[in-house]
Amino acid sequence: MIRYIIRRLLWGVVLLIVVAALMFILFRVLPTGNPALLRAGRDPQPKLVKEIEVVLGLSKPLTVQFWDYMKEIFFHFNFGYSYYSQESVKSLIAERLPATLSLTFGAAVLWVVGGLSVGIVSALRRHSLLDRTLMGGALLAISVPEFWLGLVFLFLFSSDIGKFKIFPGAGSYVPLTTDPWKWFTSLIMPWIVLAAGSAAFFARLMRSSLSETMEEDYIRTARAKGLPERQVVRQGVRSAINPMITLFGLEVGVLLGGAILVEAVFNIPGIGELFYKSIQTSDFPVTQGTVLLGSMFIILANIVVDVAYAYLDPRVRYS
Amino acid sequence: MSDAEPLLRVEDLRVEFPTEDGVVHAVDGITYEVHAGRTLGIVGESGSGKTVSSLTTLGLTRRQGARISGRILFEGQDLVALPEDRLRAVRGNDIAMIFQDPLSALHPLYRVGAQLIEAVRAHSDVSKAKARERAIELLGLVGIPDPARRVDEHPHEFSGGMRQRAMIAMALVNEPKLLIADEPTTALDVTVQAQILALLERLQRELGMAIVIITHDLGVVAEVADDIAVMYAGRIIETASAARVFADPEHPYTWGLLKSIPRLDGPREEDLVPIPGAPPSLIRRPTGCHFHPRCPYAQPDHARIDPALEAVADEPSHFVACLLESHTRRRLWSELGAGRTPAQALEAVGLPGTAA
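Residues numbered from 1 in each chain as written. Chains lettered and ligands numbered in written order. Predicted model: local features only at pLDDT ≥ 70, side-chain atom pairs only at ≥ 80, totals over all residues. Heavy atoms only, no water.

### Observations concerning the overall build of chain A
Within chain A, the regular secondary structure consists of 12 helices and zero strands. Put simply, chain A runs from its N terminus to its C terminus through helices and strands in the order α-α-α-α-α-α-α-α-α-α-α-α. Along the first, second and third principal axes, the C-alpha atoms of chain A reach 85 × 55 × 35 Å. The 319 residues of chain A split such that 45% are buried. Put simply, of all contacts in chain A between residues at least 6 apart along the chain, 67% involve residues at least 24 apart. (Helix = DSSP H or I, 4+ residues; strand = E, 2+ residues; numbered from the N terminus. Buried < 20%, exposed > 50% of the residue type's maximum accessible area, 1.4 Å probe, protein only. Contact = heavy atoms within 4.5 Å.)

Printed below as a string of structure tokens:
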């Protein structure tokens, strides 16, 4: 098992190298906006542009740039400096990481707990009015994009522009360490909006997974033993959850993508917003840093999922 | 059957499932008795209603939307009318059940021991440690070697025969008075089948429970059953002591079952005689005798008249539902017993036949 984990981690590093290389090709080799040109002001002099290119290191041959870039990332854990503010990408990310972690972790909890419980209730009351309502709602939640849902929530429930002034609106985020209560209330709407799609996806899958397991022979055995129905359902849920764990790993990427939009809509100063602005300003080092961080999260999440799977299903053994 | 009060008496049990295609008449008015310490074999093809009738005994068809009528008297108590929570106290306690495929019938994610322990604790308020002792004791009783170690293994670490032994152990933890075994050996190798049957017989002797064994395999009931009920299309069409059913069967369907299994003591060149056709749809059943479309001896009016289960002339504990005359049946069976085909038997007896 330990060897399996080590091997997976090494493969994760290989994958990150590939991602870094792809990022370089995407932003430096393929034609994009010239960052030097963007910084040379209106009606730029070619000489000034050249000077800025030298300062940003863009005048060196691409192969040299690539080597410098990879060497810094993987040997010195240095993602470079923002073209825009000259700050180190590492400190920019570190500054904004708590907001994004607050948003994504909270949303992930809501997603898993909400999705699974709705799925369980629906599966146990199949074809009832409650089931139809929940599944109809889930279909809606899967279908609408986060930015639209976010705006609808703001127009309906935010304390500034909302119809029903319930929750703090956009731009109200405060760090947990400053004021836990304000932190919590400011994140309620972003959590719901970010979790909605994934939770609905999970609810529908959990419904079908549990409906299937409740038909299994071992559930009949559990009933034949005279177990109380609650215990029977628990055994069904225990089996039905396993396939969801694999899907969790896949869905983490979707959630991180959604976080970019939700941070933009709710004006939360997080990594997503940093990424979004870095694209607008051709701030390549920041783009690369944030994307690598996201990739690392997804790779780690999937390793954790696979290890958890072996632990939860005794029939699975990795070697 | 003795005159003593039976342990289980099923009276005119009907189980119907309303579906989109129509009502499935899975069990259509069956009556049988099981006495303490005895073994009843229920025999029939798949879809003859044998499994549904026993699942209904435990109330396990209720949540599938079955319409159930008739009575299931267990120690004088009607299980059909019993509310769910009181029936739950009977399940796995007074009446236990084992199933066909022991791999899918055990929860793959829980240890074998945990599954036995919860069976104990569902019916008696004992500590986990006590229940675990009981689990190990039972695993030993059913012949699982090193039970103290294997109690902590998962079902996939057991062989097929060991899994069925574990299922039996699980069914017996609360010392049931009745064990329903639904095709307990079908998914197992032949050598293992014999071991499991021997185990059931031994446990029955030691624990004194009654057994209902459901199977399509006459070889199995020949080994263990005291009485046999043959089911076809949701009904019992013949019932008698096991010895009687094998020596003097009265129903053409039973003849078909007996003639379609090879015998080691018969002449080797004797052909097996399969029953033609397939079991009927339980939604639109044949008119008259449900077996007439597949019966080589059916007469024209058998498509009209529905036979009742009646006692055979000189044997009050042997019942059969057949429209043929009693003496005709006996002559047909003696011809078949002499190795004739159904067509030859018909000709010898002088019946106008439909057998082609």
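Now, onward.
### Section: the packing of aromatic side chains
All names here are of chain A. The final tally for this structure, using the stated rule, is 19 aromatic pairs over all chains. Between the aromatic rings of F153 and F157, the centroid separation amounts to 5.5 Å while the plane-to-plane angle is 65°, which identifies the pairing as edge-to-face. One end of the pair, F153, and the other, F157, are both in helix α7 (residues 146–157), four residues apart, so they sit about a helical turn from each other. Here F153 falls in the buried class, since its relative accessible area comes to 16%. (Phe/Tyr/Trp six-rings, centres within 6.5 Å; stacked < 30°, edge-to-face > 60°.)

### With respect to the sheet that holds strand β3 (residues 39–43) of chain B
Residues and elements named next belong to chain B. Spatially, β6-β7-β8-β3-β9-β10-β12-β11 is the arrangement adopted by the eight strands of the open sheet, whose pairing is mixed. Two strands close off the open sheet at either side, each with one partner strand: β6 (95–98) and β11 (310–312). The mean inter-strand angle of the sheet, taken between neighbouring strand axes irrespective of direction, is 25°. Where β3 and strand β8 (residues 210–215) come together, five bridges link them in parallel fashion. In the strand pairing of β8, G41 is matched with I213. Taken strand by strand, helix α8 (residues 190–207) contacts β3, β7 (178–182) and β8, and its axis lies near 160° from that of β8. Helix-sheet contacts for helix α11 (residues 252–259) involve β3, β9 (227–232) and β10 (235–241), and the interaxial angle to β9 is about 105°. (Pairing = 2+ DSSP bridges. Axes fitted to C-alpha atoms, helices over the stretch in contact; angles between N-to-C directions.)

### Some remarks on the pairing of strand β12 (residues 315–320) of chain B
Residues and elements named next belong to chain B. When β10 meets β12, the two strands line up antiparallel, connected through two bridges. Paired with E238 across the strands is V320, a residue of β12. Here β11 pairs with β12 via three bridges, running antiparallel. In the sheet register, V312 faces β12, and the bridge partner there is E315. Taking the residues between adjacent antiparallel strands as the criterion, β11 and β12 are bridged by two residues.

### Some thoughts on a nonpolar patch on the surface
All names here are of chain A. There is a patch of nonpolar side chains on the surface, built from W11, V14, V18, L22, I25, L26, V29, L30 and L62 and spanning about 820 Å² of accessible area. In terms of residue count, the dominant contributor to the nonpolar patch is helix α1 (residues 2–29) (seven residues). Mapping W11 onto the fold places it in helix α1. A residue is classified by how much of its surface remains accessible, and W11, at 57% relative accessible area, is exposed. (Patch = residues over 30% accessible without salt bridge, like charges linked within 9 Å, V, L, I, M, F, W, Y side chains within 5 Å. Areas by Shrake-Rupley, 256 points an atom, 1.4 Å probe, with all protein chains shown as cover. Salt bridge = Lys/Arg side-chain N within 4 Å of Asp/Glu carboxyl O.)

### Some thoughts on the interface of chain B and chain A
Each side of the interface is counted separately: chain B has 25 residues, and chain A has 21 residues. Per-residue buried area on chain B facing chain A is highest for H107(B), L109(B) and E118(B); these three make up 27% of the total on that side. On inspection of chain B and its partner chain A, the count reaches two salt bridges. Across the pair R63(B) and E229(A) runs a salt bridge, and its minimum N-O distance is 3.2 Å. There are 13 residue pairs in polar contact (both at pLDDT 80 or more) connecting chain B and chain A. The set of elements that each furnish at least two residues to the side of chain B that touches chain A consists of α3 (102–105), α4 (112–121) and α7 (160–172) of chain B. Counting residues per element, the side of chain B that touches chain A draws most heavily on α4(B), at three residues. Broken down by class, the residue content of the side of chain B that touches chain A amounts to 14 nonpolar, seven polar and four charged. (Buried area = accessible area lost by both parts, 1.4 Å probe. Polar contact = N/O pair within 3.5 Å; in protein donor to acceptor, adjacent residues only side chain to side chain. Nonpolar A, V, L, I, M, F, W, Y, C, P; charged D, E, K, R; others polar.)

### Here we look at the sheet that holds strand β1 (residues 8–19) of chain B
Hydrogen bonds between backbone groups are what pair the strands of a sheet, and the pairing can be parallel or antiparallel. Residue and element names in this part refer to chain B. Overall, antiparallel pairing links the four strands, which are arranged β2-β1-β4-β5 in an open sheet. Across the chains shown, the open sheet's two edge strands, defined by having one partner strand only, are β2 (22–34) and β5 (77–78). Relative to β2, β1 is paired through 10 bridges, and the arrangement is antiparallel. Counted as the bridge partner of T19 is G22 from β2.

### Notes on unusual backbone geometry
Residues and elements named next belong to chain B. Not every positive phi belongs to a glycine, and D12 is a case in point at roughly 45°. When its relative accessible area of 39% is taken as the criterion, D12 is described as partly exposed. One non-glycine residue with positive phi stands out, namely E175, at about 50°. Along the polypeptide, E175 turns up in the loop between α7 and β7. Note on E175: relative accessible area 52%, which makes it exposed.

### A look at the nonpolar core
With 110 residues, the main nonpolar core has Y32(B), L116(B), I168(B) and L178(B) as its most contacted residues. The two domains that each donate at least three residues to this core are domain 1 (103–173) and domain 2 (247–349) of chain B. With 48 residues, the next largest nonpolar core counts L116(A), W191(A), I219(A) and A122(B) among its residues. (Core = buried A, V, L, I, M, F, W, Y, C linked by side-chain atoms within 4.5 Å. Domains from an automatic or database assignment.)

### Some words on the environment of A96(B)
Residue and element names in this part refer to chain B. Here A96 shows up in strand β6. Considered as a pair, A96 and I180 are 84 residues apart in the sequence and their alpha carbons are 6.2 Å apart. Aside from chain neighbours lying at most four places away, what touches A96 is A171, P176, L178, L179 and I180.

### Brief notes about empty space enclosed by the protein
Picture a little ball the size of a water molecule; that probe, rolled over the atoms, points out where space is still empty. According to the stated counting rule, one finds five cavities of 30 Å³ or more in the structure shown. Each pocket or cavity is described by its volume, and for the largest cavity that value is around 80 Å³. Lining the largest cavity are T221(A), A224(A), K225(A), G92(B), A96(B), M97(B), A119(B), M167(B), M170(B), A171(B) and N174(B). The set of elements that each furnish at least two residues to the lining of the largest cavity consists of α9 (217–224) of chain A together with β6 and α7 of chain B. Of the residues forming the lining of the largest cavity, the biggest block, three residues, is contributed by α7(B). In terms of residue class, the lining of the largest cavity is built from seven nonpolar, three polar and one charged. (1 Å grid on protein atoms, 1.4 Å probe; cavity = no way out; pocket = protein on both sides within 12 Å on 5 of 7 lines; lining within 4 Å. Points joined across faces, edges and corners; volume = space filled by probe spheres on them.)

### Some thoughts on the packing of α4(B) against helix α5 (residues 128–141) of chain B
Residues and elements named next belong to chain B. Axis separation between α4 and α5 bottoms out at 8 Å; the angle between their running directions is 115°. Judged on the interaxial angle alone, α5 and α4 are roughly perpendicular. The hand of the α4/α5 crossing is right-handed. Contact with α4, carried on its side by V112, L116, I117, V120 and R121, involves K128, A131, R132, R134, A135, L138 and L139 of α5 and no other residues of that element. Split into classes, the residues belonging to the contact of α4 with α5 amount to eight nonpolar, no polar and four charged. (Parallel < 35°, antiparallel > 145°, perpendicular 65-115°, else oblique. Left-handed = near helix turned anticlockwise from the far one by under 90°.)

### Considering the side chain of N78(A)
Residue and element names in this part refer to chain A. Summarising the element assignment, N78 is placed in the loop between α4 (62–76) and α5 (89–124). Judged by relative accessible area, N78 falls into the buried class, the value being 16%. Residues within four places of N78 in sequence aside, it is in contact with E72 and I73.

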